Amino acid sequence: MLPSKRNDQTWLPSLFNDFFSEEWPMMRTAAATAPAINVLEDEHAYHVEIAAPGMTKEDFSAHVNDQDELVILVEKKEEKKDELKDKKYLRHEFNYSRFEQSLLLPDNVNKDVISAKVTDGVLRIELPKLDPTVQKAPTRVIDIQ
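Residues numbered from 1 in each chain as written. Predicted model: local features only at pLDDT ≥ 70, side-chain atom pairs only at ≥ 80, totals over all residues. Heavy atoms only, no water.

Caption draft 1: Geometry of the pattern of salt bridges. Applying the stated rule across the entire model yields six salt bridges. In this structure, the salt-bridge partner of Glu-49 is Arg-124, at a minimum N-O distance of 3.9 Å. In this pair, Glu-49 sits in strand β2 (residues 45–51) while Arg-124 sits in strand β7 (residues 122–128), placing the two residues 75 residues apart along the sequence. Judged by its relative accessible area of 22%, Glu-49 is partly exposed. Across the pair Glu-100 and Arg-98 runs a salt bridge, and its minimum N-O distance is 3.3 Å. Put simply, Glu-75, Arg-98 and Glu-100 are held in one network by salt bridges that share partners. (Salt bridge = Lys/Arg side-chain N within 4 Å of Asp/Glu carboxyl O. Helix = DSSP H or I, 4+ residues; strand = E, 2+ residues; numbered from the N terminus. Buried < 20%, exposed > 50% of the residue type's maximum accessible area, 1.4 Å probe, protein only.)

What follows is the structure, given as structure tokens:
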């Protein structure tokens, strides 16, 4: 008697291997389009580096949202038009890429002095730490009667 597929547990790894194999080019492309992110820490600050070769300062944006997340957006739109006059052919090439990443900020980040700079397609964000000797004042004092 042959074992049924349901009872033979060797089909599960095979299913995943088939699904994520080289025959699925979209899986390779999706992994290749996300920029590399490094997060470093020293005693004074956290440092975030995002590598996006070919991107300029205008292609990056970053903000801190109301959930204390650092939201980083990399977006590039290009349109190229080449008119081939001898063949009366017009070719349009569109290129659009977008990447968004949110990082939850630690409580000890001084959100008022975050800085960012782009150099050679690498966005570097510095997240200075709050001075641990300065006690954080409460945001609102409640008058107790």
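Caption draft 2: Focus on the side chain of Asp-59. Looking at the secondary structure, you find Asp-59 in the loop between β2 and β3 (60–64). A polar atom in the side chain of Asp-59 sits 2.8 Å from the backbone nitrogen of Thr-56. What Asp-59 contacts, discounting residues up to four positions off in sequence, is Gly-54, Leu-73, Val-74, Glu-75 and Lys-76. (Polar contact = N/O pair within 3.5 Å; in protein donor to acceptor, adjacent residues only side chain to side chain. Contact = heavy atoms within 4.5 Å.)

Caption draft 3: Quick peek at the side chain of Lys-76. Within the secondary structure layout, Lys-76 lies in strand β4 (residues 69–84). Here the side chain of Lys-76 touches Asp-59 through a polar contact of 3.1 Å, side chain to side chain. Ignoring sequence-local partners within four residues, the contact set of Lys-76 consists of Gly-54, Met-55, Asp-59, Asn-95, Tyr-96 and Ser-97.

Caption draft 4: Structural view of the sheet that holds strand β6 (residues 115–119). The sheet built from four strands is open, its strands ordered β1-β2-β7-β6 with antiparallel pairing. In this open sheet, the two strands that pair with only one neighbour each are β1 (36–41) and β6. The average angle at which neighbouring strand axes cross in this sheet is 15 degrees, direction not considered. Examined bridge by bridge, β1 and β2 share six bridges and lie antiparallel to one another. Its bridge partner being in β2, Leu-40 is matched across the sheet by His-47. (Pairing = 2+ DSSP bridges. Axes fitted to C-alpha atoms, helices over the stretch in contact; angles between N-to-C directions.)

Caption draft 5: Focus on the pairing of β7. The element β7 is largely enclosed, with a buried count of five among its seven residues. Examined bridge by bridge, β2 and β7 share seven bridges and lie antiparallel to one another. Counted as the bridge partner of Tyr-46 is Leu-127 from β7. Between β6 and β7, which follow one another and run antiparallel, lie two residues, and Asp-120 among them has a positive phi close to 50 degrees.

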